[in-house]
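Each chain is listed here by its residues.
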Amino acid sequence: MNLSAPSNRECLIALVNNESGQQVEKCYQCGKCTAGCPVSYAFDLMPNQVIRLIQLGMKEQVLSCRSIWLCASCAVCTARCPRNIDLAAVMDSLRGMARREGVAATGRGHNVFLFNKNFLQSIKKYGRLFELATMLSFNLKSGRPFREADAGLAMLQRGKLKFSVTRTRGQAEVARIFERVAAVESGAGKCN
Amino acid sequence: MQLAYYPGCSWETSGREYDLSARLAGGKLGLEFIEIKDWNCCGSSAGHSTSRLLATALAARNLALAEKMGLDLTAPCASCYQRLALARHDLLADGQLRKQVNRITGHTFHGNMRVRSILEVVASLGGEHIAARVVKPLRNLKVAAYYGCLLVRPRAVQVDDPENPQMMEKIMAVAGAEVLAWSHKTECCGTSLAMNNDQLALPLVAGILEAASLSGADCIVCACPLCHFNLDYRQKKVNRVLGTGYQLPVFYFTQLLGVALGLEPGRLGLFDHFVNTKPVLQLVS
Ligand code: SF4
Ligand code: SF4
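Residues numbered from 1 in each chain as written. Chains lettered and ligands numbered in written order. Predicted model: local features only at pLDDT ≥ 70, side-chain atom pairs only at ≥ 80, totals over all residues. Heavy atoms only, no water.

### Focus: the overall build of chain A
We apply this condition: Counting from the N terminus, the helices are DSSP H or I runs at least four residues long and the strands are E runs at least two residues long. For the accessible areas, the method is Shrake-Rupley and the probe is 1.4 Å, while residue cover comes only from the protein chains on display.
Along the backbone of chain A there are eleven helices and zero strands. Put simply, chain A runs from its N terminus to its C terminus through helices and strands in the order α-α-α-α-α-α-α-α-α-α-α. Working note: accessible area of chain A is about 9,200 Å², and carbon and sulfur atoms make up 53% of it.

### Re the overall build of chain B
Our working rule: Type-normalised accessible area, obtained with a 1.4 Å probe on protein chains alone, sets the label of each residue: buried when under 20%, exposed when over 50%, and partly exposed for intermediate values. Any two residues whose heavy atoms approach within 4.5 Å at even a single point are treated as in contact. The charge count treats Lys and Arg as positive and Asp and Glu as negative. His and the chain ends do not count. Just so you know, the charge point we use is NZ for Lys, CZ for Arg, CG for Asp and CD for Glu.
The number of helices and strands found in chain B is 14 helices and eight strands. With the C-alpha coordinates of chain B rotated into their principal frame, the extents come out at 55 × 45 × 30 Å. Counting the 285 residues in chain B, one finds 66% classified as buried. Within chain B, contacts between residues at least 6 apart in sequence are counted, and of these 76% link residues at least 24 apart. Treating the 28 positive side-chain charges of chain B as one cloud and the 24 negative ones as another, the clouds have centres 3 Å apart.

### Things to note about the site of ligand 1
Let me state the cut-off plainly: Throughout, near means a residue has at least one heavy atom within 4 Å of the molecule or strand. Put simply, Ala, Val, Leu, Ile, Met, Phe, Trp, Tyr, Cys and Pro go in the nonpolar bin, Asp, Glu, Lys and Arg in the charged bin, and everything else, Gly too, in the polar bin.
All residues in the neighbourhood of ligand 1 are listed as A:Cys27, A:Tyr28, A:Gln29, A:Cys30, A:Gly31, A:Lys32, A:Cys33, A:Asn48, A:Cys81, A:Pro82 and A:Arg83. Across the shell around ligand 1, the residue classes tally to six nonpolar, three polar and two charged.

### Topic: the domain arrangement of chain B
All names here are of chain B. Note the following rule: Residue ranges assigned to the domains are those given by an automatic or database domain assignment. Once two parts are put together, the accessible area they lose, assessed with a 1.4 Å probe and summed over both, is termed the buried area.
Per the domain assignment, the segments making up chain B are domain 1 (2-119) and domain 2 (136-283). Between the C-alpha centres of domain 1 and domain 2 there is a distance of 24 Å. Between domain 1 and domain 2, the contact holds 26 residues from the first and 29 residues from the second. Note on domain 1 versus domain 2: buried area summed over both sides is about 2,400 Å², and carbon and sulfur give 74% of it. When residues of domain 1 are sorted by the area they lose upon contact with domain 2, Glu17, Tyr18 and Leu119 head the list and together hold 30% of the total.

### Structural notes on the packing of aromatic side chains
Residue and element names in this part refer to chain B. Inclusion rule: Pairing of aromatic side chains requires ring centres within 6.5 Å, counting the rings of Phe and Tyr and the six-membered ring of Trp. Pairs whose planes differ by under 30 degrees are stacked, by over 60 edge-to-face, and all others tilted.
On inspection of all chains with the given rule, the structure shows nine aromatic pairs over all chains. Ring centres of Tyr5 and Phe33 lie 5.1 Å apart, and the angle between their planes is 25°; this geometry places the pair in the stacked category. Of this pair, Tyr5 sits in strand β1 (residues 2-5) while Phe33 sits in strand β2 (residues 32-35), and the two are 28 residues apart along the sequence. By relative accessible area, which is 0% here, Tyr5 ends up buried. Note on Phe33: relative accessible area 16%, which makes it buried.

### Here's the deal with the site of ligand 2
Close to ligand 2 lie A:Cys37, A:Pro38, A:Val39, A:Cys71, A:Ala72, A:Ser73, A:Cys74, A:Ala75, A:Cys77, A:Ala88 and A:Met91. Residue classes in the shell around ligand 2 are distributed as ten nonpolar, one polar and no charged.

### A look at the interface of chain B and chain A
Quick note on the threshold: The working definition used for a salt bridge is a side-chain nitrogen of Lys or Arg within 4 Å of a carboxyl oxygen of Asp or Glu. In protein, a polar contact requires one atom able to donate a hydrogen and another able to accept it; more generally it is a pair of N or O atoms within 3.5 Å, and residues adjacent in sequence count only if both atoms are side-chain atoms.
Across the contact, 57 residues belong to chain B and 59 residues belong to chain A. Between chain B and chain A the total buried area reaches about 5,300 Å² when both faces are included, carbon and sulfur atoms providing 55% of it. When residues of chain B are sorted by the area they lose upon contact with chain A, B:Arg52, B:Asn196 and B:Leu200 head the list and together hold 12% of the total. Taken together, the links from chain B to chain A amount to three salt bridges. Salt-bridge contacts for B:Arg61 lead to A:Glu173; the nearest nitrogen and oxygen are separated by 2.8 Å. Our enumeration of links across chain B and chain A arrives at 18 residue pairs in polar contact (both at pLDDT 80 or more). Where the side of chain B that touches chain A is concerned, the elements lending two or more residues are α1 (16-28), α2 (44-50), α3 (52-69), α5 (95-105), α9 (193-196) and α10 (198-214) of chain B. Classifying every residue of the side of chain B that touches chain A by side-chain character gives 22 nonpolar, 21 polar and 14 charged.

### Let's talk about the state of the cysteines
The following threshold applies: Note on disulfides: each one is a pair of cysteine sulfur atoms within 2.5 Å.
Evaluation of the coordinates by the stated rule reveals one disulfide over all chains. With its sulfur 2.2 Å from that of its partner, A:Cys11 forms a disulfide with A:Cys191. Residues A:Cys11 and A:Cys191 are joined by a disulfide whose S-S torsion is about -85°; by sign, that bridge is left-handed. Taken together, the residues A:Cys11 in helix α1 (residues 8-20) and A:Cys191 in the segment after α11 (171-186) connect sequence positions 180 residues apart. Using a relative accessible area of 21% as the deciding quantity, one classes A:Cys11 as partly exposed. Sulfur of B:Cys42: no disulfide; nearest cysteine sulfur belongs to B:Cys80 and is 4.2 Å away. Considering cysteine sulfurs only, B:Cys224 is the nearest to B:Cys227, which forms no disulfide, with 3.7 Å between them. Exposure remark for B:Cys227: the relative accessible area of 8% places this residue in the buried category.

### What to know about unusual backbone geometry
Looking along the chain, the bond that leaves B:Arg153 and enters B:Pro154 is cis, with omega of -10°. You can see B:Pro154 is positioned in the loop between β5 (142-145) and α8 (167-174). In this structure, A:Ala75 is a non-glycine residue whose phi angle is positive, near 65°. Inspection of the secondary structure puts A:Ala75 in the loop between α5 (67-70) and α6 (76-80). The phi torsion at B:Asp38 lies on the positive side, around 70°, for a residue other than glycine. With respect to the helices, strands and loops of the structure, B:Asp38 is situated in the loop between β2 and α2.

### Let's talk about the pairing of β5(B)
Moving residue by residue along a regular strand, the side chains alternate between the two faces of the sheet. Residue and element names in this part refer to chain B. Selection criterion: Paired strands are those between which DSSP finds at least two bridges. Convention used here: a crossover is right-handed provided that the path from the first strand, over the helix, to the second strand proceeds clockwise when the strands point away from the viewer.
Two strands pair when backbone bridges link them, and β5 and strand β6 (residues 178-179) are joined in this way by two bridges, in the parallel orientation. Bridged to Lys142 within β6 is Glu178. Remark: the β5/α8/β6 crossover connection has right-handed handedness. In terms of strand pairing, β5 meets strand β7 (residues 219-222) through three bridges, oriented parallel. Directly across from Val143, in β7, lies its bridge partner Cys219.

### Things to note about the side chain of B:Arg234
Note that B:Arg234 resides in helix α12 (residues 234-242). Looking at B:Arg234, its side chain comes within polar contact range of the side chain of B:Asn230, at 2.9 Å.

This is how it looks when you write it as structure tokens:
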């Protein structure tokens, strides 16, 4: 046994802290984050449990939970944490780690993953969000082609639906941003 | 006052009335918005949910463009505001990150500009400045001001108190409306969850509508295109699924302010919402 190597537990804590700029060790499990979380009713792990499992080094359980995907990034947890932990930032980091480590989001979490992916593809391609194409493509890929079709119709009637997007001339620069970030992240750390 | 203007991706579509009314009401108040040429999407929740570095870099390009204009940046959308302001905060706090991100964007951001939400910009003009320009006070109108999450959280970028903000109330009061105390002004509307998992967001929207309605409000005013879409468009679905009968128009604060400043309702996009706004607008005409 190599006693000088960091344990899985220390490695996970260091990785999450480094990504999120937080110190998850500071959490004393008061549960205030969970009490205020508007989506906890649909979570499989409560926000305070997510932090606790990081403290315990239980990477697989954390990265495969649904909660990290259903989190609405409302930052109520962040605003109310007596230990000043930005839990919304921790949730962001966990989604990023799950993606990089290839841990698939399941169920409703998968919809969020697909939605985000489609959204970013639009930005990479056009520099801006093409709302209509993004929603249509998300609907097809998530298996509900007519999701919110009535919204589309109502938007159309109000002249709020655009069939094209104003491309930014900086589009090539934006695509480069995506590539350079991907290159940086391919060297990002991992733990067992 | 001149400001670099960041319209955000919803400006021509779901958030069109916000952009229109912000530009018009801002003009009446002596604010000159100069659109940032070649701005790009801030990444929104998809960006930071995928990679924090990507989110910071997408925002940073816009910050650098505004800085080159020599102006502070303002954004109407609460989500754009929060992304841009958080990126600025992180880039100023961490010199290493700034160097890395400057390499990624190909633009040097020095940190010599501020990011301000339109709400904050209008509020900073002061009550007297606004009151002197009000020609049609919103008498008889009871409003519930709704902030949602992104203007008031997290602390590094909050424009007002995260539990009981008052900025919008003050503006609406100067515009002549009666502002109500109510419980849900900073509760989450479900954001993009409403798009990808609408069953999960409906209870959140319903809670906000219920609280606004119990407070006796004639309408809700907000400062975010996504909050607007969730509260306005999804109201019908809440009524259908939960058997309620809400008929609460949802406005952008710049729209009602525009009315008070004497702008014509049609130009402010007041009739382009999903919930019928006519009965409520009759109260003030
Ligand atoms: S509010 Fe903060 S300290 Fe309390 S359980 Fe949540 S993360 Fe831990
Ligand atoms: S940011 Fe996520 S975890 Fe925190 S309160 Fe909001 S939904 Fe819950």
